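# What the coordinates show
Here is how the chains run, residue by residue.
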Amino acid sequence: PRITVLTGGVGGAKFIVGLRNAFAARFGERPDSAITAIVNTGDDLWLSGLRLQPDIDSVMYALAGINDRERGWGRKGESEVVSAELRGYGAAWPWFVLGDLDLGAHIARTGWLREGWTVSQVASKLAARWDLGARILPMTDTEVDTEVVVRVDGTEHSMHFQEWWTRYRGSMPALAFENPGIDRAEPSAGVIDALSTADAILLAPSNPVVSIGPILRTPGIREAVVHSAAPVLGISPIIGGRAVRGMADTCLRTLGVDVSADGVAAHYGTRTRGGLLDHFLIDDADAALAPLLSDFGLHAHVRSIWMRDEAEATDLAAAVLGI
Ligand code: GDP
Ligand code: FO1
Ligand code: CA
């Protein structure tokens, strides 16, 4: 079977690692091209002349088994020699760490982009180094970096999502999240095919606003999900009214979405009623919400959806494959 997953960085990456493992256990082979991750590129940014793709790198590092699990982002065993030098020169952002190992990916990527390779070709070239067991596709080859609209002293300003997220930790109330140019962006090569030929489409437990949001806003992607013959299944990123980690709660409030598993389900909507989902997985802690989801016309599935380690992620993905 072919499985296509829409995903952001760390939350989605945990699930995709589990999905790769569960697929291999169930079908007796590594999924490789049978699992396609369509990854958010809204987090991407230029910094000191380098192109960073945090969500692409989070998925690649997690599948390669070289991610820093404690910190949640970047490479494990990282050092910060270059970052300290950049700070010394007053270059880049003083609040933003560019790890030495991580910089290898940024330099390689930027070099290839300057040689004329597309964003998705570059993602494949980087991925080729590792035995990932899944395919990584950036949602688009166009730069559509997410901007956050904030109000300072009564006037509205935009800042890059990474500045809002890492410098201010989401503490500045966000009025809106925008992706300038996205109306003219196209899905990268293979994205629509991966959706229309999938046997199942999954919405990873990623940030619905700033990770899944930009993917669905890329022209053609939402329609491809809605019109797919495959079942569409989502996993809630909200457990017991809280984001497991990160600031999905703050992002949801900006859109006026209730911070709850049923709030996220209603935000995605039910396919039979003009939305996206056929199935939604919620945590045992939210079991009381299951009847509400059924009222939305959704198939609700209740189990533990908290992935504390790789074994729990694999169990969760095995349950998803069984639906
Ligand atoms: P980011 O791009 O690095 O922020 O990662 P994602 O957008 O892919 O995922 C972030 C979301 O993952 C957050 O909203 C978390 O609530 C959610 N998340 C993280 N870990 C888990 C988990 O173990 N289980 C579930 N259900 N959600 C999780
Ligand atoms: N997150 C931080 O909180 N602080 C950092 O200094 C930081 C550096 C960084 C460098 C490269 C990269 O790919 C990701 C990095 N992140 C950092 C994580 C990232 O800002 C966010 O967690 C995600 O973009 C949100 O999805
Ligand atoms: Ca992200």
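Here's what I pulled together on the structure shown here. These figures come from a predicted structure and were not determined experimentally. Each chain carries its own residue numbering, running from 1 in the written order of its sequence. Chains and ligands are labelled sequentially in the order written, the chains with letters from A and the ligands with numbers from 1. Only residues with pLDDT of 70 or above have their local features reported here, since the model is predicted, and side-chain atom pairs are shown and tallied only from 80 upward, although totals for entire chains, interfaces and linings are computed over all residues. Water and hydrogen atoms were dropped before computing side-chain values, which therefore reflect all heavy atoms in the structure.

## Observations regarding the sheet that holds strand β5 (residues 134–138)
What counts is decided by this rule: The pairing criterion for strands is at least two bridges between them, as found by DSSP. Think of it this way: any DSSP run of H or I at least four residues long counts as a helix, any run of E at least two long counts as a strand, and we number them from the N terminus. Angles run from 0 to 180 degrees between N-to-C directions of axes, and those axes are lines fitted to C-alpha atoms, restricted for helices to the stretch in contact.
Spatial strand order, β5-β2-β1-β9-β10-β13-β14: seven strands in an open sheet with parallel pairing. Looking at the sheet topology across the chains shown, the edges are occupied by β5 and β14 (299–302). On average, each strand axis in the sheet is inclined to that of its neighbour by 25°, with strand direction left out of account. Pairing analysis gives three bridges linking strand β9 (residues 200–203) to strand β10 (residues 232–235), with the strands arranged parallel. Across the sheet, the residue bridging to L203 is G234, located in β10.

## Things to note about the pairing of β10
Cut-off, in case you're wondering: Burial classes: relative accessible area under 20% of the type maximum marks a residue as buried, over 50% as exposed, and values in between as partly exposed (1.4 Å probe, protein chains only).
Side chains V232 and G234 of β10 all project onto a buried face; the interleaved residues L233 and I235 project onto the opposite face, where all are buried too. Sheet topology places β10 next to strand β13 (residues 279–282); three bridges connect them, and they run parallel. Within the sheet, the bridge partner assigned to I235 lies in β13 and is L281.

## Considerations on the site of ligand 1
Here is the rule: Only a single heavy atom is needed: when it lies within 4 Å of a molecule or strand, its residue is near that molecule or strand. Pairs of N or O atoms are called polar contacts if they sit within 3.5 Å, as long as, within protein, a hydrogen donor faces a hydrogen acceptor (for residues adjacent in sequence, only side-chain-to-side-chain pairs). Here the accessible surface of atoms and residues is derived via Shrake-Rupley with a 1.4 Å probe, and residues count as covered only by protein chains that are part of the display. Residue classes follow a fixed rule: Ala, Val, Leu, Ile, Met, Phe, Trp, Tyr, Cys and Pro count as nonpolar, while Asp, Glu, Lys and Arg count as charged, and any other residue, Gly among them, counts as polar.
Around ligand 1 lies a shell of 21 residues, among which S206, S211, P237, I305 and M307 are the nearest. In this structure, an oxygen atom belonging to ligand 1 sits 3.3 Å away from a main-chain N or O atom of G11. A distance of 2.9 Å separates an oxygen atom of ligand 1 from a polar backbone atom of V244. Taking 590 Å² as the accessible area of ligand 1 by itself, protein coverage stands at 94%. By residue number, the principal contributor to the shell around ligand 1 is helix α1 (residues 10–27), which donates four residues. Of the residues in the shell around ligand 1, the class split is 10 nonpolar, eight polar and three charged.

## Some points on the side chain of R271
Heads up, the rule is: The contact definition used throughout considers only heavy atoms, calling two residues in contact when any of these lie within 4.5 Å.
Here R271 lies in the loop between α11 (261–268) and β13. Polar contacts involving the side chain of R271 include one to the main-chain carbonyl oxygen of V225, which spans 3.3 Å. A distance of 2.9 Å separates a polar atom in the side chain of R271 from the backbone oxygen of S228. Once residues within four sequence positions are removed from consideration, R271 is found in contact with V225, V226, H227, S228, A230, P231, V232, L276, L277 and D278.

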